[in-house]
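The chain contents come next:
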Amino acid sequence: MYTQSFNVPDADAPSGAPLKAVPHDTALQAHFDAVIDADGKIEPRDWMPEAYRKTLVRQISQHAHSEIVGMLPEGNWISRAPSLKRKAILVAKVQDEGGHGLYLYSAAETLGTSRDQMFDALHSGKAKYSSIFNYPTLTWADVGVVGWLVDGAAIMNQIPLCRCSFGPYARAMIRVCKEESFHQRQGFESLMTMMQGTAEQKAMVQDAVNRWWWKCLAMFGPPDADSPNSVQGMRWGIKRISNDDLRQKFVDATVPQAEVLGVTLPDPELKWNEARGHHDYGQIDWDEFWAVVNGDGPCNRERLATRVKARNDGAWVREAALAHARKQQQRAMKEAA
Ligand code: 3HC
C-alpha cells in the first residue's frame with residue numbers, strides 16, 4: 001500500500017521474475033491526463049491510474065498521521081499552561097489538529113483504503129509521519145515555537161496543497177490552512193509576550209528557537225535532487241512547489257519575523273544574497289533527518305506507543321458503539337416487519 005511502484009508482480013510469475021505493467025484503458029488514461037493538463041480536479045469516482053491512487057493514499061495518510069501524532073508534543077503542556085487564556089488557546093489548537101487528522105483520514109478513505117488499514121500501517125511502524133513530532137517540548141517556550149515555526153512551516157507546505165489535483169484533499173486543505181494560520185499567529189503572539197518579559201523568559205525563547213530551527217527546515221523533506229516522489233507528484237499536480245523552493249520561501253518569510261521578535265536564528269551562514277534575491281542558509285543535517293524518519297529520533301518510540309495505547313484503550317468504546325448500532329438496526333427491522 002505504501003510503495004511508489006508503477007507495476008505489480010505478475011501473480012503467475014515465479015518470484016524474481018520481471019514485473020508486468022498493470023493493464024489499463026488507454027481512453028481512460030487519456031481523459032485523466034487531459035484533466036491533469038487542464039489543471040482540473042480528479043474526484044473519488046473518476047478513473048485514476050493505480051500509481052496516482054497509491055501516491056495519494058501514501059501522502060494523505062502520512063499527513064493525517066502527522067496531525068494526530070502532532071497533538072502529542074503540545075498536548076503535553078495543556079495541564080501546565082501558565083494561564084487560563086493560554087490553556088484555552090492550546091486546547092483549541094490541539095483539538096484543531098485532531099480535526100485535521102479526521103478530515104484527512106476521510107479524504108484518504110475515498111480512495112478505497114479503510115481507516116483501520118491506515119491505523120495499522122501507523123501502529124506497525126510501516127507508515128511515516130512528520131519527522132518534526134519526534135522531538136520533545138521541553139519548556140513552555142517550545143509551545144510558542146511549535147506554533148510559530150512548525151505550524152509556519154506546515155502552512156508554507158500546505159497552501160499549495162489547496163490546489164492539489166485530487167478534489168477531497170484540496171478541499172480539506174482549505175479549512176486546514178485557515179486553522180493553521182491561527183495556530184501560527186497564536187505561537188508568535190505567545191513568544192512576543194515572553195520576549196517582553198524577564199531575561200529568563202527571553203533566554204527560554206532563544207533556547208527553544210535554537211533547538212527547533214534546523215528541525216523545521218528538514219521538515220520540508222529531502223533536497224529536490226534526493227526526493228524520489230517529487231517529479232511524479234508535480235507532474236500529477238499533487239505537489240505544486242518543490243521541497244527546496246518551499247524551504248527557501250519559509251526561510252525568507254521567517255527571517256524578518258525573527259527580527260521583530262528579537263531572536264537570533266541559529267545559523268551563522270544565514271544572510272541575504274542580493275544576486276539570488278533570497279537568503280542563503282547553512283547545511284541541514286540530513287543524517288539526523290533520516291535517522292528520525294527511520295524510527296530513531298528522541299521520541300519516536302514514545303509517540304508510537306502513545307498512539308497504540310490510545311487505540312487499544314478506546315477499543316471498548318468502538319465495540320459498544322457497534323453493539324448499540326446493531327441493536328438499533330434490529331429494533332428498526334422488528335418494527336418495520
Ligand atoms: N518527515 C517524515 N518523512 C518525510 C518527511 C518528513 N518531514 N519529508 C519527506 N519524508 C519522506 C516522504 O514521505 C518519502 O517517504 P515515502 O516515499 O516512504 O513515503 C521520503 O521521505 C522521500 O521524500 P519525498 O520528498 O520524495 O516525498 P514527497 O514527495 O511525498 O514529499 C512531503 C514529502 C513534502 C512531506 C509531502 O508528502 C507533503 O507535502 N505531504 C503533505 C503535508 C504533510 O504531510 N505535512 C506534515 C506535517 S503536518 C503538520 O505539521 C501538522 C501541523 O498541525 C503542524
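Whatever comes next refers back to the structure up there.
Definitions and cut-offs
Residues numbered from 1 in each chain as written. Predicted model: local features only at pLDDT ≥ 70, side-chain atom pairs only at ≥ 80, totals over all residues. Heavy atoms only, no water. Helix = DSSP H or I, 4+ residues; strand = E, 2+ residues; numbered from the N terminus. Rg over C-alpha atoms; globule rule 2.2 N^0.38 Å. Buried < 20%, exposed > 50% of the residue type's maximum accessible area, 1.4 Å probe, protein only. Areas by Shrake-Rupley, 256 points an atom, 1.4 Å probe, with all protein chains shown as cover. Lys, Arg positive; Asp, Glu negative; His and termini not counted. Charge placed at Lys NZ, Arg CZ, Asp CG, Glu CD. Near = heavy atom within 4 Å. Polar contact = N/O pair within 3.5 Å; in protein donor to acceptor, adjacent residues only side chain to side chain. Nonpolar A, V, L, I, M, F, W, Y, C, P; charged D, E, K, R; others polar. Salt bridge = Lys/Arg side-chain N within 4 Å of Asp/Glu carboxyl O.

Caption draft 1: Layout of the overall build of the chain. Per the secondary structure count, the chain includes 13 helices and four strands. Its C-alpha atoms give the chain a radius of gyration of 22 Å, within 12% of the compact-globule value 20 Å for 337 residues. Along the longest, intermediate and shortest principal axes, the C-alpha atoms of the chain span 70 × 60 × 40 Å. Taken over 337 residues, the chain has a buried fraction of 44%. When the accessible area of the chain is evaluated, it comes to approximately 17,400 Å², of which 57% is carbon and sulfur surface. Positive and negative side-chain charges in the chain, numbering 39 and 41 respectively, have mean positions lying 7 Å apart.

Caption draft 2: Region of the structure containing the site of the ligand. Around the ligand, 32 residues are found, and the nearest of them are Gln 62, Glu 97, Lys 128, Ser 227 and Lys 239. Contact between the ligand and Glu 67: an oxygen atom at 3.1 Å from a side-chain N or O atom of the residue. Backbone polar atom of Ser 131 to a nitrogen atom of the ligand: 2.8 Å apart, as the coordinates give it. If one sorts the elements of the shell around the ligand by residue count, helix α2 (residues 50–69) sits on top with six residues. In terms of residue class, the shell around the ligand is made up of twelve nonpolar, 13 polar and seven charged.

Caption draft 3: Broad picture of the pattern of salt bridges. Applying the stated criterion across every chain, the model contains 20 salt bridges. Put simply, Arg 115 and Glu 109 hold a salt bridge, and the shortest N to O gap is 3.1 Å. Residue classification places Glu 109 among the partly exposed positions, given a relative accessible area of 32%. A salt bridge links Asp 280 to Arg 276, with the shortest nitrogen-to-oxygen separation between them at 2.9 Å. Using a relative accessible area of 22% as the deciding quantity, one classes Asp 280 as partly exposed. Where salt bridges share partners, they join Glu 74, Lys 93, Glu 97 and Asp 151 into one cluster.

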